[in-house]
Amino acid sequence: MRRQNCLSLPTTNDEDIITTINEDICTVDNSINKGNYLVYSEENDKNMVQCITCDSKIHESGTISVEKDLLCKLCSRTKKTENQRREAHCNLELQAINMKTRSNKKFPPARVGNTVRVPISDVDRGRGEAHNVLACVLEVTEDGFYRLGNKTGVLKQLYARSQFTVCQQNFVALDEVNHEKELGLRSIATQEATGSGQGFIKCSCATRCQNNRCKCLKNKIHCNSKCHPNLQCCNK
């Protein structure tokens, strides 16, 4: 059998090929526009139009009419993306207004002088302590936040309306608020607690608990049932 000599033809990249279609009218340059539209060589051709955004001369069949304006495919996608982002922004603002309206209906505004209950988190109180702190509304800011205080002091942070509950009766008057001290919620809860505040403190003294070696006496609290079983304790 005879072997036929096969000639290897040089391979070329399709993107680098410039194909001429009807040289009198237009050429397709794949390396420039990647086949999205036709670039024309004659300015007086009746099928040639111009994009109003990027001023590119394109074929009429490759344009997209948006609000009676001729745009190329790239500009039309860009404008569509901008419209979708603008619509999403408007929807987020509308959702925020609806959430604020529902919150105002669920939590009516409090007035200055009303007594409120501020909840204490589990890590800021002992197991046998109160779950709330009674305070009085001292001020309402322009942003809708509330400044609270009671006999122990004024709370440092500002509270939103959803962070406390308004009591039906006033237990703390404005004249009873201590404006000299500004404390955190944990400090106020500790000072108003009957025990040690956070958790229970107990001692295991073998003596009569008369000096600061006693943990309870050092923290200025009385010994409780969890301490030593000594009946001669002087700190009860």
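Here the structure is shown first, and the text comes after it.
These figures come from a predicted structure and were not determined experimentally.

## Brief notes about the state of the cysteines
Then, number 1: Considering all chains together, one arrives at zero disulfides under this definition.
Then, number 2: You can see Cys216 has no disulfide; the closest cysteine sulfur is in Cys227, sitting 3.6 Å from it.
Then, number 3: Overall, Cys216 belongs to the buried group, its relative accessible area being 0%.
Then, number 4: Counting only cysteine sulfurs, Cys233 is the nearest neighbor of Cys223, a cysteine outside any disulfide, at a range of 3.7 Å.

## Some words on the pattern of salt bridges
Then, number 1: Summed over all chains, the structure comprises two salt bridges.
Then, number 2: Of the charged contacts, one joins Glu139 and Arg147 as a salt bridge, the two residues approaching to 3.7 Å between their closest N and O atoms.
Then, number 3: A salt bridge links Lys151 to Glu176; the nearest nitrogen and oxygen atoms lie 3.9 Å apart. Of the two residues, Lys151 sits in the loop between β10 (146-149) and β11 (154-155) while Glu176 sits in the loop between β12 (165-166) and β13 (182-183), which places them 25 residues apart along the sequence.
Then, number 4: According to the relative accessible area criterion, Lys151 is exposed, its value standing at 55%.
Then, number 5: Of the residues examined, Glu176 reaches a relative accessible area of 37% and is grouped as partly exposed.

Reading the values: rules and limits
Residues numbered from 1 in each chain as written. Predicted model: local features only at pLDDT ≥ 70, side-chain atom pairs only at ≥ 80, totals over all residues. Heavy atoms only, no water. Disulfide = S-S within 2.5 Å. Buried < 20%, exposed > 50% of the residue type's maximum accessible area, 1.4 Å probe, protein only. Salt bridge = Lys/Arg side-chain N within 4 Å of Asp/Glu carboxyl O. Helix = DSSP H or I, 4+ residues; strand = E, 2+ residues; numbered from the N terminus.

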